[in-house]
Amino acid sequence: MNIFKRITGGLCTLLLISSLFYGTAWAAGTVVFVSGTASAQRGSAVIPLSVNVQVKSGDVVQTGPASLLQLRMDDGGLISLKASSRLSLQTYVAPVAGAQSGGRAVLNLLKGGLRTLTGAIGSTNRDEYELATPVATIGIRGTDYSVLYCDADCAQAPDGLHARVSRGAILIRTLSGDELLLRENEYAWIKDGSTAPSRGLEAPVEMSMVP
């Protein structure tokens, strides 16, 4: 089994390296719903996003004001982006078909908020899943969570990172190294990268705007 895991993990790595070497991005997911405007920055190109359009590893996905975007990732995961958000799919390679492990997901929330139900990568290879934000990184311990990053652009929530878990758990690690394990139905706020996360009693109203 260990040999099988190493082989399948190595195949995913080779696929990613070859796609970068030959200048082509690896498919990461597909748009399943869009309301308003959304686009993907791919190198110097900007691709308008509509239903059935593919997003690729390396894309920076963005939603406009009063907009909503939902992506079905190739490992079965689901990502919903709220209005005025930017998410970098820094690395997203699904496991090889039929493999019980492998794949890698490194995401970077640059602005706004999202909700995600993790797929095969988060379920079978949790160490290879990470969501970065300007103040903290999130490791996966479960399947369903939401985050909202505010930087003088949230009307009803203080600046910083807001996180809420609907199912499972996430591990939040600030830039200074403080950690917090957030479990099902719990909410936390991280003021900045040098402040330890604090559990909250109730998430701000704007968290409910992350579908």
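Keep in mind that what you see is a predicted model, and the values were worked out from it rather than measured. (Residues numbered from 1 in each chain as written. Predicted model: local features only at pLDDT ≥ 70, side-chain atom pairs only at ≥ 80, totals over all residues. Heavy atoms only, no water.)

### Section: the overall build of the chain
Next, step 1: Each helix and strand counted, the chain has two helices and 17 strands in total.
Next, step 2: Scored against the burial criterion, the 211 residues of the chain give a buried share of 45%.
Next, step 3: Carbon and sulfur atoms form 53% of the exposed surface of the chain, whose accessible area is close to 10,000 Å². (Helix = DSSP H or I, 4+ residues; strand = E, 2+ residues; numbered from the N terminus. Buried < 20%, exposed > 50% of the residue type's maximum accessible area, 1.4 Å probe, protein only. Areas by Shrake-Rupley, 256 points an atom, 1.4 Å probe, with all protein chains shown as cover.)

### Notes on the nonpolar core
Generally speaking, soluble globular proteins have nonpolar side chains that are buried together.
Next, step 1: The biggest cluster of nonpolar side chains holds 38 residues, and the ones touching the most others in it are Leu87, Leu131, Tyr145, Val147, Ile170 and Ile172.
Next, step 2: Among the elements that take part in this core, strand 9 (residues 104–117) stands out by supplying four residues, more than any other.
Next, step 3: Not counting chain neighbours up to four residues away, the residues in contact with Leu131 comprise Leu87, Leu107, Asn108, Leu109, Leu114, Ala136, Thr137, Ile138, Tyr145 and Val147.
Next, step 4: Core analysis: the next-biggest nonpolar cluster, separate from the first, contains seven residues, Cys150, Cys154, Ala157 and Tyr187 among them. (Core = buried A, V, L, I, M, F, W, Y, C linked by side-chain atoms within 4.5 Å. Contact = heavy atoms within 4.5 Å.)

### Some thoughts on the environment of Ile190
Next, step 1: By secondary structure assignment, the location of Ile190 is in strand 16 (residues 187–190).
Next, step 2: Residues Ile190 and Leu161 lie 29 residues apart in sequence; the distance between their C-alpha atoms is 5.0 Å.
Next, step 3: Residues in contact with Ile190, not counting those within four places in the same chain, are Val135, Gly160, Leu161, Ile172, Thr174, Thr195 and Pro197.

### Here's the deal with the state of the cysteines
Next, step 1: All chains considered together, the criterion is met by one disulfide.
Next, step 2: Each sulfur in the disulfide pair Cys150 and Cys154 lies 2.1 Å from the other. Between Cys150 and Cys154, the S-S torsion sits near -90°, and that sign places the bridge as left-handed. Summarising the burial analysis for this pair, Cys150 and Cys154 share the class buried. (Disulfide = S-S within 2.5 Å.)

### Let's talk about the pattern of salt bridges
Working definition: two side chains of opposite charge can pair if their charged atoms are close together.
Next, step 1: Tallied over the entire structure, the rule returns five salt bridges.
Next, step 2: Asp144 serves as the salt-bridge partner of Arg115, at 2.8 Å between the closest nitrogen and oxygen. Note that Arg115 is positioned in strand 9 and Asp144 in strand 12 (residues 144–150), a separation of 29 residues in sequence.
Next, step 3: When its relative accessible area of 23% is taken as the criterion, Arg115 is described as partly exposed.
Next, step 4: For the salt bridge of Glu179 with Arg173, the shortest nitrogen-to-oxygen distance reads 2.7 Å.
Next, step 5: Classification of Arg173 as partly exposed rests on a relative accessible area of 36%. (Salt bridge = Lys/Arg side-chain N within 4 Å of Asp/Glu carboxyl O.)

### With respect to unusual backbone geometry
Next, step 1: For Ala66, which is not glycine, the phi torsion reads 55° and is therefore positive.
Next, step 2: Inspection of the secondary structure assignment puts Ala66 in the loop between strand 5 (60–63) and strand 6 (68–73).
Next, step 3: Here the phi dihedral of Asn185 falls at roughly 65°; this positive angle occurs in a residue that is not glycine.
Next, step 4: For Asn185, the position within the fold is in the loop between strand 15 (179–183) and strand 16.

### Notes on the pairing of strand 13 (residues 160–167)
Next, step 1: Of the pairings in the sheet, the one linking strand 12 to strand 13 comprises seven bridges and is antiparallel in character. If you follow Val147 over to strand 13, its bridge partner there is Ala163. (Pairing = 2+ DSSP bridges.)

### As for the pairing of strand 16
Next, step 1: As judged from the four bridges shared by strand 13 and strand 16, these two strands associate in the antiparallel manner. Bridged to Arg164 within strand 16 is Tyr187.
Next, step 2: Summarising the sheet, strand 16 and strand 17 (residues 198–200) pair through three bridges and their orientation is antiparallel. Residue Trp189 lies in a different strand from strand 17, and its bridge partner there is Ser198.

### Here we look at the confidence of the model for the chain
Next, step 1: Summarising the model, the chain shows a mean pLDDT of 86, and 84% of its residues fall at 70 or more.
Next, step 2: Within the chain, the lowest mean pLDDT, 45, falls on helix 1 (residues 2–21), and the highest, 98, falls on strand 5.
Next, step 3: Counting contacts from residues 1–12, a segment whose pLDDT is below 50, to residues more than four positions away or on other chains yields 15 contacts.
Next, step 4: A low-confidence stretch, residues 14–24 stays under pLDDT 50, and its non-local contacts, those more than four residues away or across chains, total six contacts. (pLDDT = per-residue confidence, 0-100.)

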